[in-house]
Amino acid sequence: MTRKIAVVTGGNKGIGFAIVRGLCEKFDGDVYLTSRDVGRGESAVELLKCAGHSLLYHQLDITDQKSVDSFKNHLISKYGGIDLLVNNAAIAFKNDSTEPFGLQARETINVNYFGTLRICESLFPILRQDAKVVNISSALGHLSKIPSIHLKEQFKNKNLSIEELSELMRKFVKDSEEGNNVKEGWGESAYSVSKVGVSALSFVQQRLLNAENPNRNISVNAVHPGYVKTDMTSHKGVFTIEEGARAPLFLSLKSTYKGQFVWKDKKAIEWDGQLPEPY
Ligand SMILES: NC(=O)c1ccc[n+]([C@@H]2O[C@H](COP(=O)([O-])OP(=O)(O)OC[C@H]3O[C@@H](n4cnc5c(N)ncnc54)[C@H](OP(=O)(O)O)[C@@H]3O)[C@@H](O)[C@H]2O)c1
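Below is a short write-up of the structure. (Residues numbered from 1 in each chain as written. Predicted model: local features only at pLDDT ≥ 70, side-chain atom pairs only at ≥ 80, totals over all residues.)

Some remarks on the pairing of strand β3 (residues 56–59)
The side chains of a regular strand alternate, residue by residue, between the two faces of the sheet.
Part 1: Pairing of strand β2 (residues 30–35) with β3 involves four bridges; the strand directions are parallel. Across the sheet, the residue bridging to Leu33 is Tyr57, located in β3.
Part 2: Read from β2 through helix α2 (residues 38–50) to β3, the crossover connection turns out right-handed. (Pairing = 2+ DSSP bridges. Helix = DSSP H or I, 4+ residues; strand = E, 2+ residues; numbered from the N terminus. Right-handed = clockwise from strand over helix to strand, strands pointing away.)

Right under this line is the structure:
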């Protein structure tokens, strides 16, 4: 029987690291921890190996096409396909960051939205039967975080294409660089817009995969892991990384959800409904 393969992006620390550890314990197959920095990735692998886990490593920077191609070629030559992709890698500028907002917007959208899209476009052709894709979004990726009704309607469009969604992301960057992000109805958080993009992308991807061939039974879901103590939150979150990994692991291992926005308690919620509190 073909051995199953799981891949986690940004697995060297934080929630991604806890997802890798959880997969090492429960996923029936080979688990890849990937990281943009080889040193940080190998140290994380070493930690898990010392704790008795067995896993594999590959460098992967989701913003670097060469790195993405090299990983894809490695997977194709070694296995031919994958069964689980957890898109965890992301960045967030700190609230007190002094970089101009336009720059923050460009960088955040480049990593969180276009980086996630890049790895999906590369690996979706090698997703196997019954594969699962888990896109780590955020409560801030809930549609209610976009102030403009007009923009909300565009994100919600049932026929939205990936190109149209990418165009929306590019418009946000342009509006931000021109100082018009608030006037144009995007609000003041580049991270939030990037994660709304990731959530919307998940639903479009599910729709396209279903249309292509529903018999492949591939699921794509977006998940809010909770407010977690990691470098991203300057360790101000309320949950441990293990708690933050619970809903992503549920989607990776057990769930039958398809195209859902899943809350930290593993329940699917309305993406365009009311946002539950607290995060
Ligand atoms: N923490 C929270 O409260 C919270 C809440 C909601 C959603 N999330 C989401 O949960 C996920 C994990 O966040 P976290 O809190 O664990 O953050 P974190 O500790 O900052 O970890 C982020 C990970 O992403 C990696 N990364 C960043 N840019 C990358 C790139 N271009 N290519 C590959 N890897 C890259 C980082 O690598 P380096 O070590 O090299 O920087 C790191 O491994 C993110 O998607 C985040 O948006 C977090």
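Quick look at the site of the ligand
Part 1: Around the ligand sit 32 residues in total, of which Gly10, Gly14, Ala89, Ala90 and Thr230 are the nearest.
Part 2: Mapped by element, the contributors of at least two residues to the shell around the ligand are α1 (14–26) and α4 (101–123).
Part 3: Per-element accounting of the shell around the ligand gives the leading share, three residues, to α1. (Near = placed C-beta within 6 Å.)

As for the nonpolar core
Part 1: Of all hydrophobic cores here, the largest spans 77 residues; its most connected members are Ala6, Val7, Val8, Ile19 and Leu33.
Part 2: The element that contributes the greatest number of residues to this core is helix α7 (residues 190–212), accounting for 10 residues. (Core = buried A, V, L, I, M, F, W, Y, C linked by C-beta atoms within 7 Å. Buried ≥ 20, exposed ≤ 12 C-beta atoms within 10 Å, placed from the backbone.)

Focus: the pairing of strand β5 (residues 127–136)
Part 1: Taken across its 10 residues, β5 has seven buried, putting it largely inside the fold.
Part 2: With five bridges connecting them, strand β4 (residues 82–87) and β5 associate as parallel partners. Counted as the bridge partner of Ile82 is Leu127 from β5.
Part 3: For the segment spanning β4, α4 and β5, crossover handedness is right-handed.
Part 4: In the sheet, β5 pairs with strand β6 (residues 219–223) via five bridges, with the strands oriented parallel.

Here's the deal with the environment of Thr233
Part 1: Of note, Thr233 is situated in the loop between β6 and α8 (241–244).
Part 2: Since 16 C-beta atoms lie within 10 Å of it, Thr233 is described here as partly exposed.
Part 3: Note: C-alpha distance between Thr233 and Val8 (225 residues apart in sequence) is 20 Å.
Part 4: In this view, Thr233 contacts Tyr227 and Val228; residues no more than four positions away in its chain are not counted. (Contact = placed C-beta atoms within 7 Å.)

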